[in-house]
Amino acid sequence: MIDTAHDSPAGNDTSLSEATRAERVQAPVAGARRGGSSPRQAARRRRLVLAGARGAIVVIALTAWQLLVNAKVVDPFFWGEPSGVWADLRDWVTVGTSQGSLGEQVVTTLEEAVLGFVIGSVLGIVLGIALGRVQLLSELFAPFLKAANSIPRIILGSIFTVAFGFGIQSKVILAVVLVFFGVFFNAFQGAREVDRNLIANARLLGATRWQVARDVVLPSAFTWILASLHISFGFALIGALVGEILGANKGLGLLIRSSQNNFDMNGVLAGMVLVAVIALTAEGLITVLERRLLRWRPPQAHGGAAIE
């Protein structure tokens, strides 16, 4: 009697193909669970490698600098030396500066820079969007803004110091002037680049001029505005430091000027290190703010590598 219960070749092929498809579907999931090729972990490893490479560059540069000083190739009187800069920073932290505690100098400069940054950014955004959307205002104030932008703004520091004294006002005003124009022109251009169809559709839906500016123009110009903020805090810091160097009772600018007057190049460089730390910290905070505010924007593919 012939047994008819044998599996057919077609049935075997079907079951094998189904099993193969199941394995192919489950393999990436299992690999992701093991963390072997997770995109997030790959990005984290890349950041660690970049951080290590940057740290190595700094160590190599400082070591070469110190070796050149020890070999009498570089004169430390004019160029300083890493060991002397570190000694000054340590003394400022542990003992204090000639103007008081180091924390007081840092807080003073930060207060001036932050106030100038906030006021200048707000004025730049408001006026930039207003003139970008209202043709009459743009035509009316354009010559004045161009004339003011052509003036070397650092020179205004001396005028502000004479007019407002050695207090915080002269530094904040100089920082506001330095920040304003960069933010203003970016906001102005961003307001001009808004898609006309979006504005037309919003008005067809009954949006008022204020609602159009708030819900259409401002979000569309936000990329331009945030791009300007990355460099604007640096300008605010420059305004505060220049104002302090021209005349102040305390601050990092005064600390740098005092070191310069005493021919202490290590002190000047130590003050610059503190300024760089403040600027990099502010840049990191602005980057975090940008990522949070622009979560709605889809990721964009770039041909080149981004600067992180």
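Residues numbered from 1 in each chain as written. Predicted model: local features only at pLDDT ≥ 70, side-chain atom pairs only at ≥ 80, totals over all residues. Heavy atoms only, no water.

Counting through the fold element by element, S232 comes out in helix α10 (residues 209–246). Using a relative accessible area of 1% as the deciding quantity, one classes S232 as buried. Setting aside residues no more than four positions away along its own chain, S232 makes contact with F117, V179 and V183. (Helix = DSSP H or I, 4+ residues; strand = E, 2+ residues; numbered from the N terminus. Buried < 20%, exposed > 50% of the residue type's maximum accessible area, 1.4 Å probe, protein only. Contact = heavy atoms within 4.5 Å.)

On to the packing of aromatic side chains, then. Evaluated as defined, the whole model comprises 9 aromatic pairs. Aromatic side chains F181 and F185 sit 6.4 Å apart centroid to centroid with 25° between the ring planes, which places their arrangement in the stacked category. With F181 and F185 both in helix α8 (residues 168–192) and 4 residues apart, the pair spans about one turn of that helix. Overall, the relative accessible area of 8% leaves F181 in the buried class. Overall, F185 belongs to the partly exposed group, its relative accessible area being 33%. For the pair F184 and F188, a centre-to-centre distance of 6.0 Å together with 25° between the ring planes defines the contact as stacked. Of this pair, F184 and F188 both sit in helix α8, 4 residues apart, which is roughly one turn of that helix. Three or more aromatic residues joined by ring pairs form one cluster here, namely F180, F181, F184, F185 and F188. (Phe/Tyr/Trp six-rings, centres within 6.5 Å; stacked < 30°, edge-to-face > 60°.)

In this model, α10 (38 residues) spans only 45 Å end to end at C-alpha, well below the 56 Å of a helix rising 1.5 Å per residue. A maximum bend of about 45° is found in α10 at F222. (Expected span 1.5 Å × (residues − 1). Bend = angle between axes of the 7 residues up to and from the residue.)

What follows deals with the pattern of salt bridges. Per the stated rule, a full pass over the model turns up 1 salt bridge. Two residues, E104 and K250, come together in a salt bridge whose shortest N-O distance is 3.1 Å. Here K250 lies in the loop between α10 and α11 (252–261) and E104 lies in helix α5 (residues 102–133), a separation of 146 residues in the sequence. By relative accessible area, which is 34% here, K250 ends up partly exposed. (Salt bridge = Lys/Arg side-chain N within 4 Å of Asp/Glu carboxyl O.)

A few words on the environment of I119. Residue placement: I119 occurs in helix α5. Assessed through its relative accessible area of 38%, I119 is described here as partly exposed. Along the sequence, I119 and V172 sit 53 residues apart, while their C-alpha atoms lie 8.9 Å from each other. With near-sequence residues (within four places) excluded, I119 lies in contact with V172 and V176.

Now for the layout of surface pockets. Once rolled over the atoms, a probe with the size of a water molecule shows which space is left empty. If you add up the space inside the second largest pocket, you get close to 350 Å³. Taken together, 14 residues line the second largest pocket, and the ones lying closest to its centre are I129, A130, R133, R209 and A213. Mapped by element, the contributors of at least two residues to the lining of the second largest pocket are α5 and α10. Here the element with the most residues in the lining of the second largest pocket is α10; it accounts for 7 residues. Residue classes in the lining of the second largest pocket are distributed as 10 nonpolar, no polar and 4 charged. (1 Å grid on protein atoms, 1.4 Å probe; cavity = no way out; pocket = protein on both sides within 12 Å on 5 of 7 lines; lining within 4 Å. Points joined across faces, edges and corners; volume = space filled by probe spheres on them. Nonpolar A, V, L, I, M, F, W, Y, C, P; charged D, E, K, R; others polar.)

A few words now on the confidence of the model for the chain. Looking at the chain as a whole, its pLDDT mean stands at 82, while 83% of the residues score no less than 70. Element-level pLDDT for the chain is lowest in helix α1 (residues 9–34), with a mean of 49, against a maximum mean of 93 in helix α4 (residues 82–94). Counted against residues more than four places away or in other chains, residues 27–33, with its pLDDT under 50, gives 2 contacts. Taken as a whole, residues 301–308 scores under 50 in pLDDT and shows 4 contacts with residues more than four places along the chain or in a different chain. (pLDDT = per-residue confidence, 0-100.)

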